[in-house]
Amino acid sequence: MRERVYRTEAVILRRNDFAEADRLLLLATPAGKRRVVAKGIRKTTSRIAGHVELFTHATLLLAIGRNLDIITQSDVIDPYSRLRSDIARLSCAYYAAELYDKFTQDGDESRPLFQLLVDAFHALDQSENPDLVLRSYELSLLQIVGYRPHLHQCAVCGDQLTEDADQFSPQLGGVLCPRDRHADRRSLALGGPAFRLLRYLQSQPLSAVNVLHLSAGVRGDVESILRAYLYHLLERDLKSVAFLQDVMRGE
Ligand SMILES: [Zn+2]
């Protein structure tokens, strides 16, 4: 029987021990999420062990298996070592990986989403503003998966929003104009600086967060708004949120 192999770029999102010495890996790839197995990886003799660490960006060679495909070779593109050795950055990476996981189905092909994840991990590894990297990542991800929040036109009437808009409705998917500010009883108060930051992050590339110097207050406000919106879409908080909050409080 001829062995069939293929090569793919991937980021390792999750690892679980499996059988005696194997690991099951959840990968993000340009062709979508994939569940694969790394055989014998927990043995000291494993040749690929150091090349499939959590959150590593790598080029993998995979053999098509009966149930799960098997990693036969791994070339690390970026190990994101700073990210993996710093608990605050690491908790951000767990969150970014979980968000990607929750908004994608196995096999959903998306090159833009994969590229966004790679860019986000790179920024979480390097940036001095990892929390703002997450906010920018959340907004870009929402845009790609079709839930871009309305920040320029009222979520109810579609009128152009001005700076006097001060309510965000997770339910209605965006900011409300003064006329519609009571359209959702559960809408959240949105201050001017948070509104400006949301708009800025939605319109700028990830790298733009590096030039920002902002108070903890406005960062927290934007985080709460996006968390409420994501909570509404996913109907729950992500598992990594509590961990992330604990770590950030400790910092
Ligand atoms: Zn309106």
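Residues numbered from 1 in each chain as written. Predicted model: local features only at pLDDT ≥ 70, side-chain atom pairs only at ≥ 80, totals over all residues.

Visitor: For this particular structure, what's the right way to read the sheet that holds strand β8 (residues 188-189)?
Guide: Hydrogen bonds between backbone groups are what pair the strands of a sheet, and the pairing can be parallel or antiparallel. Spatial strand order, β7-β6-β8: three strands in an open sheet with antiparallel pairing. The strands lining the two open edges of the sheet, one partner per strand, are β7 (174-176) and β8. Sheet topology places strand β6 (residues 167-169) next to β8; two bridges connect them, and they run antiparallel. Counterpart to phenylalanine 168 in the pairing with β8 is leucine 188. (Pairing = 2+ DSSP bridges. Helix = DSSP H or I, 4+ residues; strand = E, 2+ residues; numbered from the N terminus.)

Visitor: Which parts of the structure should I look at to understand helix α4 (residues 130-144)?
Guide: An α-helical segment advances 3.6 residues per turn. Residues three or four places apart therefore align on the same side. Its 15 residues give α4 an end-to-end C-alpha distance of 21 Å, which sits within 8% of 21 Å, the value for a rise of 1.5 Å per residue. Counting buried residues in α4 gives 13 out of 15 residues, a clear majority hidden from the surface. Of the residues trailing α4, glycine 146 is marked for its positive phi of about 95°. (Expected span 1.5 Å × (residues − 1). Buried ≥ 20, exposed ≤ 12 C-beta atoms within 10 Å, placed from the backbone.)

Visitor: Help me understand the packing of helix α3 (residues 111-126) against α4 in this model?
Guide: Each pair of packed helices gets described by two things: the angle between the helix axes and the distance between those axes. The geometry of α3 relative to α4 is characterised by a closest axis approach of 10 Å and an angle of 175° between their N-to-C directions. Taken together, α3 and α4 sit at an angle that is classed as roughly antiparallel. Here Pro112, Leu113, Leu116, Ala120, Ala123 and Leu124 of α3 come into contact with α4, specifically with Pro130, Val133, Tyr137, Ser140, Leu141 and Ile144. Along the lines of polarity and charge, the residues of the contact of α3 with α4 split into eleven nonpolar, one polar and no charged. (Axes fitted to C-alpha atoms, helices over the stretch in contact; angles between N-to-C directions. Parallel < 35°, antiparallel > 145°, perpendicular 65-115°, else oblique. Contact = placed C-beta atoms within 7 Å. Nonpolar A, V, L, I, M, F, W, Y, C, P; charged D, E, K, R; others polar.)

Visitor: How should I be thinking about the pairing of strand β5 (residues 69-78) in this particular structure?
Guide: Each regular strand shows side chains that alternate between the opposite faces of the sheet. Two elements, strand β3 (residues 32-38) and β5, share two bridges in a ladder whose sense is parallel. The residue of β5 that forms the bridge with valine 36 is aspartate 69. The antiparallel hairpin formed by strand β4 (residues 57-63) and β5 contains five residues in its connecting segment.

Visitor: I would appreciate a short explanation of the sheet that holds strand β1 (residues 5-18) in the present structure.
Guide: Taken in spatial order, the five strands close into a barrel running β1-β2-β3-β5-β4, and their pairing is mixed. Averaged over neighbouring strand pairs, the angle between their axes works out to 50° when direction is ignored.

Visitor: Teacher, can you tell me more about the nonpolar core here?
Guide: As a rule of thumb, nonpolar side chains are buried together in soluble globular proteins. Grouped together as the largest cluster of nonpolar side chains are 66 residues, with contacts concentrated most on Ala93, Ala96, Leu117, Ala120, Phe121 and Val175. With nine residues, helix α2 (residues 87-102) is the single largest residue contributor to this core. Contact partners of alanine 120, with chain neighbours within four places excluded, come to Ala96, Val133, Tyr137 and Leu206. (Core = buried A, V, L, I, M, F, W, Y, C linked by C-beta atoms within 7 Å.)

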